[in-house]
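If you want the building blocks of each chain, they are given just below.
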Number of protein chains: 2
Amino acid sequence: MKKISILGSTGSIGTQALEVIKQHPDQFKVIALSAHRNIRLLIEQIKEFHPDTVCISDTALSEDIKNNLGKMCNDVLYGREGLLELAGRDNVDILLNGLVGSAGMEPTINAVTSGIDVALSNKESLVLAGGVITQLQKKNNVNIFPVDSEHSAIWQCLKGEKPEQVKRLILTGSGGPFRNRPTDTFSSVTVEEALRHPNWNMGSKITIDSATMMNKGLEVIEASWLFEIQVKNIDIVIHPQSIIHSMVEFSDGSVKAQLGYPDMKIPIQYSLTYPDHAAVSWEQFDLAAIGQLTFEQPNFQKFPCIKLAYHAMEAGGSYPVVLNVANDMAVDAFLRNSISFTEIPQLIEKAMEAHSSVGEPDVDEIKELMSWTYHFMNSKLKG
Amino acid sequence: MKKISILGSTGSIGTQALEVIKQHPDQFKVIALSAHRNIRLLIEQIKEFHPDTVCISDTALSEDIKNNLGKMCNDVLYGREGLLELAGRDNVDILLNGLVGSAGMEPTINAVTSGIDVALSNKESLVLAGGVITQLQKKNNVNIFPVDSEHSAIWQCLKGEKPEQVKRLILTGSGGPFRNRPTDTFSSVTVEEALRHPNWNMGSKITIDSATMMNKGLEVIEASWLFEIQVKNIDIVIHPQSIIHSMVEFSDGSVKAQLGYPDMKIPIQYSLTYPDHAAVSWEQFDLAAIGQLTFEQPNFQKFPCIKLAYHAMEAGGSYPVVLNVANDMAVDAFLRNSISFTEIPQLIEKAMEAHSSVGEPDVDEIKELMSWTYHFMNSKLKG
């Protein structure tokens, strides 16, 4: 019986993870759940999965839970402090980090510090603190199990293979909703249009990242840390059907790919059952019914966010931190209709250019860089 | 340094294997070569690779070699007897069996009996004697490394995975040259048309098998033995571009595939370098340049040979033996313009129906069944 805690249990990844866990009641025990503000859903989840501990974002909501559930849930934490405490507890086998954005970094660090394996959906953890986390990981002999479909695909293709015989990772990307939209109309993209993703049902931040293709850029950075490979050996290929989830090319030119319908439940489950494939009765994969898979080169001119991400990782150190926080804030501003779609990469680039770079930032330096970027972006967003 | 002997060194697989070996002079030493009648090419190969031993099909040719090469090649075997002796020698690490047709079975058995790992291109070995060979293999702790692109793909996808978590093998097939040809014109197919394969450059027997799709049927049987999985859990999907070489579906619905350009050099090399991927400078794989991959269901009505192969393996025992020998002879007759294209499956079916079935034939019984099928087919072909 694997003991699991889930951060972000009411979000897109969290709810799907609980669906997976529900299918294998003999294999998993939910120890803890954390949610932001969706108290109604969190209460439902508590009633169904009986975690020992829950965490919610503020004290008033935590009182609500206690009043609603009484003895069913005694241990109710709250706020950022509660979340960080929960993430560092070593009474679980796997912590699934389904948090969205930069807020996910410290919980990952806390879990890895406590020697807990992390099923990592929060891509910002490695983008912000890849150096810190991989160092802690090696020191504490901790695994990071990727949840993202692309990284899960690569991870599965690498099974049984020698890292030194990997020539190239090939990340696939759907190209997002604007693959065929003329570049000169990008400045008039609406929030509604950007939220309409053709294949994947995801949270709104990630869906916008998919529209700008920053998502793919962040994935390149994450893959570089996860699989210890330089970004120059990571390519992107656009694959609108999202059936091939990613590929690995080996030194003899042999390419392995992992395929499936675009459904996060397979990679989520694999991150919890690794190295095993647990039997499920999901829809049988049928390539003949799909009929056709297409592929094209990514357009770096049309989607400058990808290029910014490659540049950030090549420059290294503090650059990915600034890229990531600036992106978080630019996307948030776009979702609030404060800036246009094309201003997202422009503002990120300005932040990267303006910051004082740091070689190998530690956690405090990362926090300072985050804070600097926050203030820089706020001044630009107000100005 | 791996010591290699190659049966069928002047054939399609043999010549490509020697090209592979030439690229890695530090990794391989050619110990023995066997050829049928192409003495000119065999002499070139002897001059280049300096094998200790060669074998050619008759004594007159063996004298030619001795006269031509003198001391360069002292050990010259000939005939069927020479071939079988060579195959059973245990002075090599891997025997690459690149023989075509039923003649390849006994050399595989001899190698496995002598405890030698076999890189197996000859699909008839397992189709005819899968039971015998897998039993000997286990007894002598011998590996069979698949050379066929489909089986190599499956083998690569299974690396690091547990056999009990495999749900299904999915063999891809180009569909051959007649995928889009109307069924009612099949009786007028010419030898020239059937030899024109769209993707793969192979020997003539295998190219005809590809046109009838018996090739895919034999591969299903071979996969069943190689990977110890029932044929009901092996599916075929038609994939005209021959880029995805085959797939494995696991119990969680995750599918792994192996991809590459249609070039036998990758699977040949992998069969010799396993478990490693040796570095080579072949053309970099580019899915965006390929652009599109398509898939469709196989048409069992149009290509009855596939159905015959499934039936033979489901019936088991002697059925695959009769299927295989009848196919060898029917293809040979078609290549000699003695029978029409549509008579190939008809004659095979007749032979399967007419024979007295045997449960788990041993080598002698397999030879008797082969002989019976030979005489049966000859009577039909003359009649």
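J.: What am I meant to see in the overall build of chain A here?
T.: Counting its regular elements, chain A contains 16 helices and twelve strands. Computed over C-alpha atoms, the radius of gyration of chain A comes to 20 Å, within 12% of the 21 Å expected from 2.2 N^0.38 for 383 residues, which places it in the range of a compact globule. Considering only C-alpha atoms, chain A reaches an extent of 60 × 55 × 40 Å along its principal axes. For chain A, the proportion of its 383 residues judged to be buried stands at 61%.

J.: Would you mind showing me how to read the sheet that holds strand E3 (residues 53–56) of chain A here?
T.: Across a sheet, paired strands are connected by hydrogen bonds in the backbone, their directions being either parallel or antiparallel. Residues and elements named next belong to chain A. Sheet architecture is open: seven strands sit in the order E4-E3-E2-E1-E5-E6-E7, paired in parallel fashion. One side of each edge strand has no neighbouring strand; the edge strands of this open sheet are strand E4 (75–78) and strand E7 (144–146). In this sheet, neighbouring strand axes are inclined to one another by 25 degrees on average, regardless of whether the strands run parallel or antiparallel. With four bridges joining them, strand E5 (residues 94–97) and strand E6 (residues 117–120) adopt parallel strand pairing. The partner of Ile94 across the bridge, within E6, is Asp117. Across the sheet, helix H4 (residues 79–88) lies against strand E1 (2–7), strand E2 (28–34), E3, E4 and E5, angled at about 125 degrees from E4, the strand it touches most.

J.: Help me understand the environment of Asn141 of chain B, please; the structure alone is not making it clear to me.
T.: Residue and element names in this part refer to chain B. Looking at the secondary structure, you find Asn141 in the loop between helix H6 (124–140) and strand E7 (144–146). Owing to a relative accessible area of 70%, Asn141 belongs among the exposed residues under this scheme. Spatially, the C-alpha atoms of Asn141 and Gln297 are 38 Å apart, while their sequence positions differ by 156 residues.

J.: What exactly am I supposed to notice about helix H3 (residues 59–69) of chain B here?
T.: Since there are 3.6 residues in each turn of an α-helix, residues three or four apart along the chain are aligned in direction. All names here are of chain B. Regarding H3, the residues found buried are Leu61, Ser62, Ile65 and Leu69. All buried residues of H3 lie within an arc of 105 degrees about the axis, which places them on one face of the element. Structurally, H3 contributes buried residues whose contacts are with helix H2 (39–49), strand E3 (53–56) and strand E4 (75–78). Where H3 begins, one side-chain oxygen reaches toward the backbone nitrogen of Ala60, 3.1 Å away; that side chain belongs to Asp58.

J.: I'm lost on the pattern of salt bridges in this one. Help?
T.: Between side chains of opposite charge, pairing is possible as soon as their charged atoms come close. Residues and elements named next belong to chain A. A full pass over the atoms with the stated rule returns 54 salt bridges over all chains. Lys123 is paired through a salt bridge with Asp148; the nearest N and O atoms lie 3.6 Å apart. In this pair, Lys123 is assigned in the loop between E6 and helix H6 (124–140) and Asp148 in the loop between E7 and helix H7 (149–158), connecting sequence segments 25 residues apart. Here the salt bridges share partners, and the residues they tie into one network are Lys123, Asp148, Glu150, Lys216 and Glu219.

J.: It is not clear to me how the packing of helix H9 (residues 204–212) of chain A against helix H14 (residues 319–335) of chain A should be interpreted in this structure. Could you clarify?
T.: Between two packed helices, both the angle of their axes relative to each other and the distance between the axes serve to describe the pair. Residues and elements named next belong to chain A. Two elements in contact, H9 and H14, have axes whose closest approach is 10 Å; the angle formed by their N-to-C orientations is 100 degrees. On the basis of the axis angle, H9 is roughly perpendicular to H14. Across from Ser204, Lys205, Ile208 and Asp209 in H9, the residues of H14 making contact are Asn327, Asp328, Val331, Phe334 and Leu335. Counted by class, the contact of H9 with H14 contains four nonpolar, two polar and three charged residues.

J.: Just to check I follow, could you spell out the relation of the copies chain A and chain B for this structure?
T.: The operation relating chain A to chain B is a screw motion whose rotation component is 180 degrees, with 0.0 Å of axial translation and a residual RMSD of 0.0 Å. In short, the pair behaves as if placed about a two-fold rotation axis. Residues of chain A ranked by C-alpha distance from the rotation axis are headed by Gly160 of chain A, positioned 2.2 Å from it. With an isologous cut-off of 70% or more, the 100% of interface residues of chain A that recur at the interface of chain B puts this contact in the isologous class.

J.: How should I be thinking about the interface of chain A and chain B in this particular structure?
T.: By convention, interface size is frequently given as the accessible area that disappears when the constituent parts associate. In this assembly, 46 residues from chain A lie in contact with 46 residues from chain B. Summing both sides of the interface, chain A and chain B together bury roughly 3800 Å²; the carbon and sulfur share of this comes to 49%. On the chain A side of the interface with chain B, the three residues burying the most area are Asp252, His277 and Phe295 of chain A, jointly 18% of the side's total. Inspection of the chain A/chain B interface yields four salt bridges.

J.: Explain the domain arrangement of chain A here, please?
T.: Residues and elements named next belong to chain A. The assigned domain composition of chain A is domain 1 (2–146) and domain 2 (151–262 + 289–382). Taking the mean C-alpha position of each, domain 1 and domain 2 sit 24 Å from one another. Facing the 24 residues of domain 1 at the interface are 27 residues of domain 2. Counting every contact that joins domain 1 to domain 2 gives four salt bridges. The partner of Glu228 in a salt bridge is Lys138, with the nearest N and O atoms 2.9 Å apart. Connecting domain 1 to domain 2 are seven residue pairs in polar contact (both at pLDDT 80 or more). Breaking the side of domain 1 that touches domain 2 down by element, the ones donating at least two residues are helix H1 (12–23), helix H5 (105–113), H6 and E7. No other element matches the ten residues that H6 contributes to the side of domain 1 that touches domain 2. Partitioned by chemical class, the residues of the side of domain 1 that touches domain 2 number twelve nonpolar, eight polar and four charged.

J.: Mind showing me how you'd approach the pairing of E3 of chain A here?
T.: Each regular strand displays side chains that alternate between the two surfaces of the sheet. Residues and elements named next belong to chain A. Because side chains alternate across E3, one face comprises the buried residues Thr53 and Cys55, and the other comprises Val54 and Ile56, equally buried. Relative to E3, E2 runs parallel, the two sharing three bridges. For Ala32, the partnering residue across the bridge sits in E3 and is Thr53. Read as a crossover between parallel neighbours, the route from E2 over helix H2 (residues 39–49) to E3 is right-handed. Bridge count between E3 and E4: four bridges; the pairing is parallel. The residue of E4 that forms the bridge with Thr53 is Asp75. The handedness of the E3 to E4 crossover, carried by helix H3 (residues 59–69), is right-handed.

J.: Even after reading the chapter, I still don't get the environment of Asp209 of chain A, so can you show me in this structure?
T.: All names here are of chain A. Checked against the element boundaries, Asp209 lands in helix H9. For the pair Asp209 and Leu195, spaced 14 residues apart in sequence, the C-alpha separation works out to 9.6 Å. In this view, Asp209 contacts Met214, Asn215, Leu218, Asn327 and Val331; residues no more than four positions away in its chain are not counted.

J.: Can you walk me through the packing of helix H10 (residues 214–226) of chain B against helix H13 (residues 304–315) of chain B in this structure?
T.: Residue and element names in this part refer to chain B. For the pair H10 and H13, interaxial distance at closest approach is 7 Å and the crossing angle is 25 degrees. Classified by the angle between their axes, H10 and H13 sit roughly parallel to one another. By crossing handedness, the relation of H10 to H13 is classed as right-handed. Contact with H10, carried on its side by Met214, Gly217, Leu218, Val220, Ile221, Ser224 and Trp225, involves Cys305, Ala309, Tyr310 and Met313 of H13 and no other residues of that element.

J.: Would you mind showing me how to read the sheet that holds strand E11 (residues 255–259) of chain B here?
T.: Strands sit in the order E9(A)-E8(A)-E10(A)-E11(A)-E11(B)-E10(B)-E8(B)-E9(B) across an open sheet of eight strands; the sheet is mixed. In the strand order of this sheet, the two ends are held by strand E9 (234–238) of chain A together with strand E9 (234–238) of chain B, each with one partner. Each adjacent strand pair in this sheet contributes to an overall mean axis angle of 20 degrees, direction not counted. In this structure, strand E8 (residues 166–173) of chain B lies alongside E9 of chain B, joined through five bridges in parallel fashion. Note on E9 of chain B: the bridge partner recorded for Gly173 of chain B is Ile238 of chain B.

J.: So what exactly am I meant to see when it comes to the side chain of His24 of chain B here?
T.: Along the chain, the position of His24 of chain B falls in the loop between helix H1 (12–23) and strand E2 (28–34). Each residue touching His24 of chain B, except ones within four places of it in the same chain, is listed here: Gln269, Ala278, Ala279 and Val280 of chain B.

J.: In this structure, what is going on with the pairing of E5 of chain A? I would like to understand it.
T.: Residue and element names in this part refer to chain A. Burial of E5 is two-sided: the residues Ile94 and Leu96 facing one way and the residues Leu95 and Asn97 facing the other way are all buried. Bridging between E1 and E5 involves four bridges; their strand directions are parallel. Opposite Ile4, over in E5, you have Ile94 as the bridge partner. Since E5 and E6 lie parallel, the crossover through H5 that links them has a hand, and here it is right-handed.

Calculation criteria
Residues numbered from 1 in each chain as written. Chains lettered and ligands numbered in written order. Predicted model: local features only at pLDDT ≥ 70, side-chain atom pairs only at ≥ 80, totals over all residues. Heavy atoms only, no water. Helix = DSSP H or I, 4+ residues; strand = E, 2+ residues; numbered from the N terminus. Rg over C-alpha atoms; globule rule 2.2 N^0.38 Å. Buried < 20%, exposed > 50% of the residue type's maximum accessible area, 1.4 Å probe, protein only. Pairing = 2+ DSSP bridges. Axes fitted to C-alpha atoms, helices over the stretch in contact; angles between N-to-C directions. Contact = heavy atoms within 4.5 Å. Arc of directions from axis to C-beta. Polar contact = N/O pair within 3.5 Å; in protein donor to acceptor, adjacent residues only side chain to side chain. Salt bridge = Lys/Arg side-chain N within 4 Å of Asp/Glu carboxyl O. Parallel < 35°, antiparallel > 145°, perpendicular 65-115°, else oblique. Nonpolar A, V, L, I, M, F, W, Y, C, P; charged D, E, K, R; others polar. Least-squares fit on C-alpha atoms with pLDDT ≥ 70 in both. Buried area = accessible area lost by both parts, 1.4 Å probe. Domains from an automatic or database assignment. Right-handed = clockwise from strand over helix to strand, strands pointing away. Left-handed = near helix turned anticlockwise from the far one by under 90°.

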